[in-house]
Amino acid sequence: MDNIVIFGAGNILLSDEGFGVHFVRYLEKNYALPDNIKLFDAGTLGIMAMHIIEEADYLFIVDVVSVKGKPGDIKVYEKNDIIFDRIPTKMSPHQIGLQEVLLLSEIREKLPKIIKLFGIIPENIETGITLSDKLKEKLPKLAVLLMEEIEYLTNN
């Protein structure tokens, strides 16, 4: 069986910036997942989470993205979009971005065969520990979307 990692990134002290972490917690509470699917609350670990990334055959990252669109819009990106910096996945200039972590894994020849980023446009990234109502409403929708994607990829 393939090792599948759902990687929730973000800072839970900045409201919607913590969406990925809140998403992983939502899945923990609402889904009974098979043993080969690991939920990982990455928070703001960055490079410290490289070992989790490198254990995966399929890596599904959930994070906020700063792209054009409306708050709550969900965007799905492929591995090359992330690696070749075609999207702004780094919300803070002080953190090591996803691109750098994935490039290091690629150099080490330990990059997952499938990587997808499920990004959501935040409404509020001010100090606060709860999601905005708009993003809270997106948790079930994204869960269904991600589970359908996992099922499609693992059965084809």
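Basis of the calculations
- One numbering rule holds for all chains: residues counted from 1, following each sequence as written.
- Two thresholds apply to this predicted model, a pLDDT of at least 70 for residue-level local features and 80 or more for giving and counting side-chain atom pairs, whereas whole-chain, interface and lining totals are computed over all residues.
- Remark: hydrogens and water are excluded; side-chain values derive from all non-hydrogen atoms of the structure.
- For the purposes of this entry, the term helix denotes a DSSP run of H or I that reaches at least four residues, the term strand denotes a run of E that reaches at least two, and both are numbered from the N terminus.
- For every residue, the accessible area (1.4 Å probe, protein chains only) is compared with the maximum for its type, and the residue is labelled buried under 20%, exposed over 50%, or partly exposed between those bounds.
- Contact criterion: two residues are considered in contact whenever any of their non-hydrogen atoms come within 4.5 Å of each other.
- Here, a strand pair is defined by DSSP locating no fewer than two bridges between the strands.
- Only the stretch in contact is used when a helix axis is fitted, and all axes are lines through C-alpha atoms; the angle between N-to-C directions ranges over 0 to 180 degrees.
- Only residues whose relative accessible area exceeds 30% and that form no salt bridge enter a patch; like-charged residues are grouped when within 9 Å of one another, and nonpolar side chains (Val, Leu, Ile, Met, Phe, Trp, Tyr) when within 5 Å.
- Where accessible areas are quoted, they stem from the Shrake-Rupley method and a 1.4 Å probe; at the residue level, only the protein chains shown are allowed to cover.
- Salt bridge, as used here, is a side-chain nitrogen of Lys or Arg placed within 4 Å of a carboxyl oxygen of Asp or Glu.
- Think of pLDDT as the predictor's per-residue confidence, scored from 0 to 100.
- Expected span of a helix, by definition, is 1.5 Å for each gap between consecutive residues, and there is one gap fewer than residues.
- Think of the arc as the fan of directions from the helix axis to the C-beta atoms.
- Stacked, tilted and edge-to-face are the three classes assigned to paired rings of Phe, Tyr and Trp, where Trp is represented by its six-membered ring and a pair needs centres within 6.5 Å; plane angles under 30 degrees give stacked, over 60 edge-to-face, the rest tilted.

A. The side chain of Ser 15, seen in detail. Tracing the backbone through its elements, the reader meets Ser 15 in the loop between β1 (4-9) and α1 (19-30). Ser 15 gets classed as buried once you look at its relative accessible area, which sits at 3%. Residue contacts for Ser 15: discarding those within four places in its chain leaves Asn 124, Glu 126, Gly 128, Thr 130, Leu 131 and Ser 132.

B. Spotlight on the pairing of strand β3 (residues 58-64). For β3, the buried fraction is high: seven of the seven residues fall into the buried class. Alternating residues of β3 divide into Tyr 58, Phe 60, Val 62 and Val 64 and Leu 59, Ile 61 and Asp 63, and every residue in both groups is buried. Bridge count for β1 against β3 is five bridges, and the pairing is parallel. By the bridge assignment for β3, Phe 7 is matched with Ile 61.

C. Spatial organisation of the pairing of β1. Within β1, six of the six residues are buried, which leaves the element mostly enclosed by the surrounding structure. Side chains Ile 4, Ile 6 and Gly 8 project from β1 onto one buried face, and the interleaved Val 5, Phe 7 and Ala 9 project onto a second face that is buried too. Note: β1 against strand β2 (residues 37-43), six bridges, orientation parallel. Bridge pairing in β2 places Ile 4 opposite Ile 37.

D. View of the sheet that holds β1. Reading across from one edge, β2-β1-β3-β5-β4 is the order of the five strands in this open sheet, with mixed pairing throughout. At either margin of the open sheet sits one strand with a lone partner, and together these are β2 and β4 (74-78). Within the sheet, the average angular offset between the axes of one strand and its neighbour, ignoring direction, is 20°. Packing of α1 onto the sheet brings it into contact with β1, β2, β3 and β5 (114-120), and relative to β1 it is tilted by some 130°.

E. Spatial organisation of a nonpolar patch on the surface. Residues Leu 45, Ile 47, Met 48, Leu 104 and Ile 107 make up a contiguous nonpolar surface patch of roughly 480 Å² in combined accessible area. The residue Ile 47 is located in the loop between β2 and α2 (50-55) in this model.

F. View of the confidence of the model for the protein chain. Taken over all residues, the pLDDT of the protein chain has a mean of 87, while the share at 70 or more is 91%. Low confidence marks residues 91-95, where pLDDT is under 50. Its contacts with residues over four positions away, or in another chain, come to seven contacts.

G. Quick peek at unusual backbone geometry. Even without a glycine there, the phi angle at Ser 15 is positive, about 50°. With a phi close to 60°, Glu 109 is a non-glycine residue in the positive phi region. Within the fold, Glu 109 resides in the loop between α4 (98-107) and β5.

H. Structural detail: helix α6 (residues 138-155). Taking 1.5 Å per residue, 18 residues should reach 26 Å; α6 reaches 26 Å between its end C-alpha atoms and fits that length. Among all positions of α6, only Leu 139, Leu 142, Ala 143, Leu 146, Met 147, Glu 149, Ile 150 and Leu 153 are buried. Taken down its axis, α6 places every buried residue within 160° of arc, on the same side. Summarising the geometry of α6, the exposed residues directed more than 90 degrees from the buried face are Lys 141, Glu 151, Tyr 152 and Asn 155.

I. Seen up close, the packing of aromatic side chains. In this structure the tally under the stated criterion is three aromatic pairs. A ring pair is formed by Phe 19 and Phe 23, whose centres lie 6.3 Å apart and whose planes are at 20°; its orientation type is stacked. Pair noted here: Phe 19 and Phe 23 are both in helix α1, with a separation of four residues, about one helical turn. Residue Phe 23 is classed as buried on the basis of its relative accessible area, which comes to 0%.

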